[in-house]
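# Fold and contact review
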Amino acid sequence: MERTYRRISLQKKMSVMFCGLLLVVISTAGIFLAGYYHSTFRRYFQKNFNMAITTNANGVQEIFRSIVNAVDVVNDNESAYITDETKNISTIAEMIVLTDPQETGFGLKGMVDDLKRNGATMDAMFSGASIHGLIIPEEYPIARYLGKWREGITGFHRNTDMERYSWYQEAIKRDGEACWFVEEEPVRRLFMAKRLNYQYYIRREGYEVRELGVMVVGIDFLELESRIDMSEMPGRALTAILGTDGQILYANREKGRLLSEESLRSILRQDMDGAAEYCEYEGTQYLVQKNQVAQELFMLTVIPVDDIDRMAFDMLGMLLLLLALALLAGMIFIGLMSRAITAPIVRLAGQMERGIVEPVEDAASGGDEIGTLYRGYNRMQEKIREMLQDVWDSAEKQKNVELQLLQAQINPHFVYNSLGTISCQALLNGQDVIAKQLNMLVQIMRYNTREPNGLVPLEKEMQIIRQYAEIQQMSNGGTVRFLYDVAPACESVLIPKLIIQPLVENSIIHGFDAVREDGQIRIGADMTETGELRIVVADNGRGGDMEAINRYIRGEGRTEGGHDSLGVKNVYDRIRRVYGAGGSLEYRRGADGWTKAIIRIWVKNGGAENDRCIWN
């Protein structure tokens, strides 16, 4: 598995990684949005459902209210005696209940005609109904001249044979309470039947109440449906008008069988106050709203939650489609971007894999990280080429040095033998001083040429310095005195060869005039408490510009007057090469006028206490 992963290109890895990340982000966002949208849609639909159904209920209630108010006007109430609009109603009631044609001399036919003429007022009052009628008890004289009740006929009727109508019997039994019923033939109508009374005043006897009859008012279903707008509702939405007993009087669906009558009665018993609520009946969730549209009459609107969810998911499908398109577009964009990003890297990796040591064409010359990578790689290649050239040059130089060393192995033997011959000749001629000088010079040369880059104890280095000082004293006639103060703890410390002799030579050459006879050179060494070896070469010569000398030995300039001291700079370079930052050479001018060359070498093991050089 790991080997397979390693074989996959960087572009594919980036594409898969970012596409997977994008898929996770969009999927998570889709799930969150789906849940949030679903709950939000339910609340939004519930709010709009409540507004729409309340509007429908108000329209239906307006029809029933006009009819109920008209029936109440016909019934016994004070408005029948107070308002001008109801005078005709009072006249009709008096004609039906109180007028006897034989006593008044007014013919029955004339009374019937007058009754029909005054009935026009009732037509205007029941303008919202498709049919209305007043069924008069047959004991009243005028009832004998009226026809029997016939469905669909507006007007006045007598109550002969009304016992066969259950709604009529129910209205009589309720005595003033509305009775609602439905007839399917010849036209589908919703009827209200109500028993009416007439209250009249009899002189000396007071008020008396008599039965006026049963008022029947019918409303076509088409009129109800015109007030109920279900165009924005799901297909299974149910709107029904029910009585208090749960009887379905009207439904916009086939018999309204979305819920059982028991469930509908359960809804009627709940106190919903005209608000839409989510409820569960018969194991299914519904959105239900109940509105009272008339006395003992309610309008129920029920929608299965599954239909609401289906509407939500239909709209959510568009959102998910947009998310899918966004995912596809994102994947394409990521593929293009990853290719644009990885193509220069792949090209660079190919060149590195082939081991081509040369700059790559700056295909990514922008200011982004890829361009920086290309420019850095090209600079690295240039440095590698320079280093390779340096290595080549160094190899050539090393070869030349090796040849020179082989040649130099022959030259010293020739010099040593020649100097030995001269020394013997000087002894034979009585030149003891010259012979001694030559012998000491041979020893110094042998010391220098044997392992020139090796390290020697400070004690051995001081032996060579004493021989060199003796040669100088012999040559200068003793004008320069040498003093030594080397702490015993320093004698075994290893140091590079001939790092003290050039300093002594520099003091002799640049520090003293030829005629001076009181010159002194002091050479000392001590070990500090911090583990630092300090070697001091001091002279009382004429000195010089210390800062200029220090700059020169560091390679930062030339000495005063343009004179180079190659030996001193060579000492500094060798100390830095061997010890790095742990070694140094510095010239100072003391307050006593002495010039001091100070070598500091950090020694890991430290030194003995109280072994201090006298020239600090």
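Residues numbered from 1 in each chain as written. Predicted model: local features only at pLDDT ≥ 70, side-chain atom pairs only at ≥ 80, totals over all residues. Heavy atoms only, no water.

### A closer look at the overall build of the protein
We count it as follows: Per the convention used, a helix needs a DSSP run of H or I reaching at least four residues, while a strand needs a run of E reaching at least two, with both numbered from the N terminus. A 1.4 Å probe rolled over the protein chains alone gives each residue an accessible area, and that area as a share of the maximum for its type sets the label: buried under 20%, exposed over 50%, partly exposed in between. Any two residues whose heavy atoms approach within 4.5 Å are treated as being in contact. Calculation of accessible area relied on Shrake-Rupley with a 1.4 Å probe; when residues are assessed, cover is drawn exclusively from the protein chains displayed.
Helix and strand content of the protein: 17 helices and 17 strands. For the protein, the proportion of its 616 residues judged to be buried stands at 40%. Across the protein, the fraction of contacts at a sequence separation of at least 24, relative to all contacts at a separation of at least 6, is 60%. For the protein, the exposed surface amounts to about 35000 Å²; the carbon and sulfur share of it is 53%.

### Some details on the sheet that holds strand β8 (residues 277-281)
Heads up, the condition is: Between any two strands, at least two bridges found by DSSP are needed for them to pair. All axes are obtained by fitting lines to C-alpha atoms, using only the stretch in contact for helices, and the reported angles, taken between N-to-C directions, cover 0 to 180 degrees.
Pairing is antiparallel in the open sheet, where 5 strands are placed in the order β7-β6-β10-β9-β8. A strand with exactly one partner marks an edge of an open sheet, and here the two such strands are β7 (248-251) and β8. In this sheet, neighbouring strand axes are inclined to one another by 35° on average, regardless of whether the strands run parallel or antiparallel. Two strands pair when backbone bridges link them, and strand β6 (residues 238-243) and β7 are joined in this way by 3 bridges, in the antiparallel orientation. Each residue of the ladder has a partner; that of L242, found in β7, is I248. Each of β6, β7, β8, β9 (284-294) and β10 (297-304) is contacted by helix α9 (residues 261-269), which is oriented at about 115° to β10, the strand it contacts most.

### Quick word on the environment of V493
For V493, the position within the fold is in the loop between β12 (480-486) and β13 (494-496). Distance from V493 to P457, taken between C-alpha atoms, is 5.2 Å for residues 36 residues apart in sequence. Those residues within four positions of V493 in sequence are excluded, and the remaining contacts are V456, P457, L458, M527, L533 and V603.

### What to know about the side chain of Q501
Take Q501: it is sitting in helix α15 (residues 501-511). Once you skip the residues sitting within four places of it in the chain, Q501 turns out to touch E461, I465 and Y468.

### Let's talk about the confidence of the model for the protein
How we decide: The predictor's confidence in any single residue is recorded as pLDDT, a number from 0 to 100.
Of the residues in the protein, 74% reach a pLDDT of 70 or more, and the chain-wide mean stands at 76. Low pLDDT, under 50, characterises residues 76-88; the predicted model gives this stretch 18 contacts beyond four residues in sequence or across chains. Per-residue pLDDT stays below 50 along residues 606-616; that stretch engages in 32 contacts with residues further than four places along the chain or on separate chains.

### Digging into a nonpolar patch on the surface
Definition in use: Like charges are joined within 9 Å and nonpolar side chains (Val, Leu, Ile, Met, Phe, Trp, Tyr) within 5 Å, but only among residues with over 30% relative accessible area and no salt bridge; these make up the patches. When a carboxyl oxygen of Asp or Glu is within 4 Å of a side-chain nitrogen of Lys or Arg, the pair counts as a salt bridge.
A cluster of nonpolar side chains, contributed by M17, F18, L21 and V25, occupies part of the molecular surface with about 380 Å² of accessible area. Structurally, the position occupied by F18 is in helix α2 (residues 10-74). Its relative accessible area of 36% is what places F18 among the partly exposed residues.

### Some thoughts on the sheet that holds strand β16 (residues 583-589)
The 5 strands lie next to each other as β12-β14-β15-β17-β16, forming an open sheet whose pairing is mixed. In the strand order of this sheet, the two ends are held by β12 and β16, each with one partner. Taken pair by pair, the neighbouring strands of this sheet meet at an average axis angle of 10°, ignoring direction. As paired elements, β12 and strand β14 (residues 519-527) share 7 bridges and run parallel to each other. When the sheet's bridge partners are listed, L483 is paired in β14 with R522. With respect to the sheet, helix α16 (residues 546-553) is in contact with β16 and β17 (595-602), its orientation differing from that of β16 by roughly 160°.

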